Amino acid sequence: GRHPGRTSHNALVVFADGAYLEIIAWTSPAPEERWYRTLRDHGEGLVDFALLPQSTSQALAEARGRGLDTLVGPVDGGRVRPDGAQLLWQTARH
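Residues numbered from 1 in each chain as written. Predicted model: local features only at pLDDT ≥ 70, side-chain atom pairs only at ≥ 80, totals over all residues. Heavy atoms only, no water.

A. Representation of the overall build of the protein chain. The helix and strand inventory of the protein chain stands at two helices and four strands. When the elements of the protein chain are put in sequence order from the N terminus, they spell out β-β-α-α-β-β. When burial is assessed residue by residue, the protein chain has 13% of its 94 residues classed as buried. Taking the intrachain contacts of the protein chain between residues at least 6 apart in sequence as the baseline, contacts between residues at least 24 apart amount to 19%. (Helix = DSSP H or I, 4+ residues; strand = E, 2+ residues; numbered from the N terminus. Buried < 20%, exposed > 50% of the residue type's maximum accessible area, 1.4 Å probe, protein only. Contact = heavy atoms within 4.5 Å.)

B. Structural detail: the packing of aromatic side chains. One pass over the structure, following the stated rule, counts one aromatic pair. Between Trp-26 and Tyr-36 the ring centres are 5.5 Å apart and the planes differ by 75°, which places this aromatic pair in the edge-to-face class. Here Trp-26 is found in strand β2 (residues 20–26), whereas its partner Tyr-36 is found in helix α1 (residues 34–42), with 10 residues between them in sequence. Judged on exposure class, the residue Trp-26 and its partner Tyr-36 are both buried. (Phe/Tyr/Trp six-rings, centres within 6.5 Å; stacked < 30°, edge-to-face > 60°.)

C. Examining a nonpolar patch on the surface more closely. Taken together, the side chains of Val-13, Phe-15, Leu-21 and Ile-23 make up a nonpolar region of the molecular surface, amounting to roughly 370 Å² of accessible area. As for its position among the elements, Val-13 is in strand β1 (residues 8–14). Judged by its relative accessible area of 37%, Val-13 is partly exposed. (Patch = residues over 30% accessible without salt bridge, like charges linked within 9 Å, V, L, I, M, F, W, Y side chains within 5 Å. Areas by Shrake-Rupley, 256 points an atom, 1.4 Å probe, with all protein chains shown as cover. Salt bridge = Lys/Arg side-chain N within 4 Å of Asp/Glu carboxyl O.)

D. View of the side chain of His-3. Of note, His-3 is situated in the segment before β1. Judged by relative accessible area, His-3 falls into the buried class, the value being 7%. Sequence-distant contacts of His-3, that is, excluding residues within four places in its chain, are made with Ser-8, His-9, Asn-10, Glu-22 and Ile-24.

E. Quick look at the pairing of β1. As paired elements, β1 and β2 share seven bridges and run antiparallel to each other. Opposite His-9, over in β2, you have Ala-25 as the bridge partner. Linkage of β1 to β2, two consecutive antiparallel strands, is achieved through a turn of five residues, within which Gly-18 is found at a positive phi near 95°. (Pairing = 2+ DSSP bridges.)

See below:
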């Protein structure tokens, strides 16, 4: 699907246990996007990873409680699937 308000789009490779790889590409340059800049500056390859906690807010509070104060969040995200369904999520970022 396409990422709302961005020039990126993705495809997912989903495994039987629900884990997946997300492959992202851009339809035009997007130097304002951090993943685009990472690829531009360092070349193609693994750019990021994600873990799925039960609660992003709780995981973020626990991480901060252990001294990881550089995280920003929760950050709302989402996209529209090709079938029109809207997906929403939250992340924490470094």
